[in-house]
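# An overview of the molecular structure
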Amino acid sequence: MRTPAKIIIVLLVVSAAVAAVALKKNKATPNSESVSAAAGASQSASAPSTSVKIPKLIDLGADKCIPCKAMAPILENLKKEYAGKLNVEFIDVWKNPAAGEQYKIEMIPTQIFFDANGKELFRHVGFFGKEDILGKWKELGVDVGSEKPGIVREEPVKADTRPRDQVCFMCDQDVQQKTKTVVKGQNEQRVLCGPHCYFVSFSSIVGADPKTEEAKVSVTDWASGNLVPATTTTFLYGMDTKGRPTIKAFADKEAATKEQQSNPGSLVAWDVLRSKELATRCAFCDRAVYPEDACGVKFGTTHGHGCCTHCSMGVAARLKQDIEVEAKDGLTGESIRIKTLDGQIASLEPATATAWFGQKKGPDGKWVSAGCFKQGFFLNEANLQKWLDARPSMTGRQITIAQALADKMKLTPEQIAKACKLGECK
Ligand SMILES: [Zn+2]
Ligand SMILES: [Zn+2]
């Protein structure tokens, strides 16, 4: 008995050293041999009986294996949140090989799902996120009790009665007369709150030619209040107290110089403004974004931006890479930190953080995303509720941050290429 036990430990040590890599490969192309081996083993293993008959999740791992470590907070969270409804057990197969032996696992971490009678229903190898674990229980038809349903708002509390020409087509903010920007199409004209929203809109058009597009743009002359062609205008490019750019347009350069004396900034031509505005892009959807408005996204050693909270999750899907996100609470601006592992949430700070999925009903009656400007993450549900109270015309629903990530992870490369593009974002 002693010798085989030793062999198992050595094998585990060797495989665990490369667990993260090997498991990723397994996901892409499931190894049929290991699948059938696991299926064979599943018939012999059974959960030790417990006094109260409830479903059980056993995670077999080790405290020094990287994906196992990522499992630890998830198991802790499940243990607390589903106490009395789900038994959650962790077995360290390095420290306690005898306890793990009966389950005949080949890789760590392995999670085994047992029904209330101790019958094995399913096993999973590798990191398994909370949402996926809960989804699996649901799929297996086992009720472990569900989290309380979140906020749903299908009808506006108060309809948005603002006249269309006073609402920015991109960001939905009120249009200030002094910065109003108009894009004239063949049949329609779009009103925007300022040049920045023009560049957001421009960067959302697939294959757009800058010269063709900007010939349609008029901006408001700060001095006279008249609409003037954007490309021949001088811009006073300043900065607000948050470091966010401010843009004032002047038909007459002298008027711009005069304004510059009381409100400092640089006087720039349209071409310079364009290169500044298009310099920072969303790492998911390529939209122009100001870093002050964006989520910070770190992938590898690179720091990038997500133009909205949901786009920041999409970076993991687009790059097929683990990411670290620093989002700001939509209400208070406080920090929310998220780390992903294999396309799932590995850590969330604070654990109470939640997401709002802004949606609107399309012409066909189907609910679709209301766009990047209607999304947000919040420290907790109370903050989300306050934010919604201030936005009575907003519709959508509360989702978990894990769901926001999962929604992006299931997108195909073609869908990602169309993400947030005007007229193509579904
Ligand atoms: Zn706008
Ligand atoms: Zn984006």
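The following refers to the structure shown. For every chain, the first residue of the written sequence is number 1, and numbering continues from 1 onward in sequence order. Starting at A for chains and at 1 for ligands, labels are handed out in the order in which the entities are written. Two thresholds apply to this predicted model, a pLDDT of at least 70 for residue-level local features and 80 or more for giving and counting side-chain atom pairs, whereas whole-chain, interface and lining totals are computed over all residues. Hydrogen atoms and water are omitted, and side-chain values are computed over all heavy atoms in the structure.

The subject of this paragraph is unusual backbone geometry. Pro-109 follows Ile-108 through a cis peptide bond whose omega is -5 degrees. In this chain, Glu-349 is followed by Pro-350 through a cis amide linkage whose omega measures -5 degrees. We count a stretch as a helix when DSSP gives it H or I for four or more residues in a row; a strand needs E for two or more, and each element gets its number in order from the N terminus. Residue placement: Pro-350 occurs in the loop between strand S17 (344-349) and strand S18 (354-361).

With that out of the way, let us pick up empty space enclosed by the protein. With a 1 Å grid spanning the protein atoms alone, the term cavity applies to any set of points in which a 1.4 Å probe fits but cannot get out, the term pocket to an open set with protein on both sides within 12 Å along at least five of seven lines, and the term lining residue to any residue with an atom within 4 Å of a point. Grid points are joined across faces, edges and corners, and a volume is the space filled by probe spheres set on the points. Applying the stated rule across the entire model yields one cavity of 30 Å³ or more. Approximately 30 Å³ is the volume attributed to the largest cavity. Looking at the largest cavity, the residues that line it are Lys-178, Thr-179, Thr-181, Pro-195, Val-219, Thr-220, Trp-222, Ile-247, Lys-248 and Ala-249. Where the lining of the largest cavity is concerned, the elements lending two or more residues are strand S8 (217-220) and strand S11 (245-250). If you tally residues by element for the lining of the largest cavity, the top one is S11, at three residues. Any residue outside Ala, Val, Leu, Ile, Met, Phe, Trp, Tyr, Cys, Pro, Asp, Glu, Lys and Arg is labelled polar, Gly included; the first ten of those are nonpolar and the last four are charged. Looking at the lining of the largest cavity residue by residue, the class counts come to five nonpolar, three polar and two charged.

Looking now at the state of the cysteines. Two cysteine sulfurs form a disulfide in these notes if their separation is within 2.5 Å. Taken as a whole and judged by the stated rule, the model has one disulfide. Here Cys-65 connects covalently by a disulfide to Cys-68, the sulfurs 2.1 Å from one another. Handedness of the Cys-65-Cys-68 disulfide follows from its S-S torsion of about 80 degrees: it is right-handed. Residues Cys-65 and Cys-68 agree in their burial class; the two are buried. The thiol of Cys-308 is unpaired, and the distance to the nearest cysteine sulfur, on Cys-372, comes to 3.8 Å. Exposure classes here rest on a 1.4 Å probe applied to the protein chains alone. A residue is buried below 20% of its type maximum, exposed above 50%, and partly exposed in between. Among the residues examined, Cys-308 registers a relative accessible area of 7% and is labelled buried.

Looking now at helix H10 (residues 270-277). Those residues of H10 lying buried are Trp-270, Leu-273, Arg-274 and Glu-277. Along the long axis of H10, the arc covered by the buried residues comes to 100 degrees, so they all point the same way. Every residue pair with non-hydrogen atoms within 4.5 Å of one another is taken to be in contact. Residues of H10 that are buried in the fold lie against helix H7 (195-202), helix H8 (210-214), strand S10 (234-239), S11 and strand S12 (266-269). Along the arc lie the directions from the helix axis toward the C-beta atoms.

It is worth spelling out the coordination of the zinc ion (ligand 2) at this point. Sodium, potassium and calcium take a 3.2 Å donor cutoff, other metals 2.8 Å, and in both cases only N, O and S atoms count; water is not among them, so sites may look incomplete. Cys-282 (SG), Cys-285 (SG), Cys-307 (SG) and Cys-311 (SG) make up the full set of protein donors to the zinc ion (ligand 2), lying at 2.3 to 2.4 Å. In these descriptions, tetrahedral denotes four donors with every angle between 85 and 135 degrees, square planar four donors and octahedral six donors with opposite donors over 155 degrees apart and the rest between 65 and 115, and irregular any other case. Relative to the metal, the four donor atoms surrounding the zinc ion (ligand 2) lie at angles of 106 to 113 degrees, and the coordination shape comes out tetrahedral. On the basis of relative accessible area, Cys-311 is assigned to the buried category, the value being 1%.

Moving on: the coordination of the zinc ion (ligand 1). The coordination sphere of the zinc ion (ligand 1), as far as protein atoms go, consists of Cys-168 (SG), Cys-171 (SG), Cys-193 (SG) and Cys-197 (SG), spread over 2.2 to 2.3 Å. All donors to the zinc ion (ligand 1) come from one chain, and their sequence spacing reads C-x2-C-x21-C-x3-C. With Cys-168 in the loop between strand S5 (152-153) and strand S6 (181-184) and Cys-197 in helix H7, this residue pair connects regions lying 29 residues apart in the sequence. Here Cys-168 matches Cys-197 in class, with each residue buried.

It is worth spelling out the environment of Ala-288 at this point. Mapped onto the elements of the fold, Ala-288 is located in the loop between H10 and strand S13 (295-299). Overall, the relative accessible area of 3% leaves Ala-288 in the buried class. The spatial distance from the C-alpha of Ala-288 to the C-alpha of Phe-199 is 6.4 Å, given a sequence separation of 89 residues.

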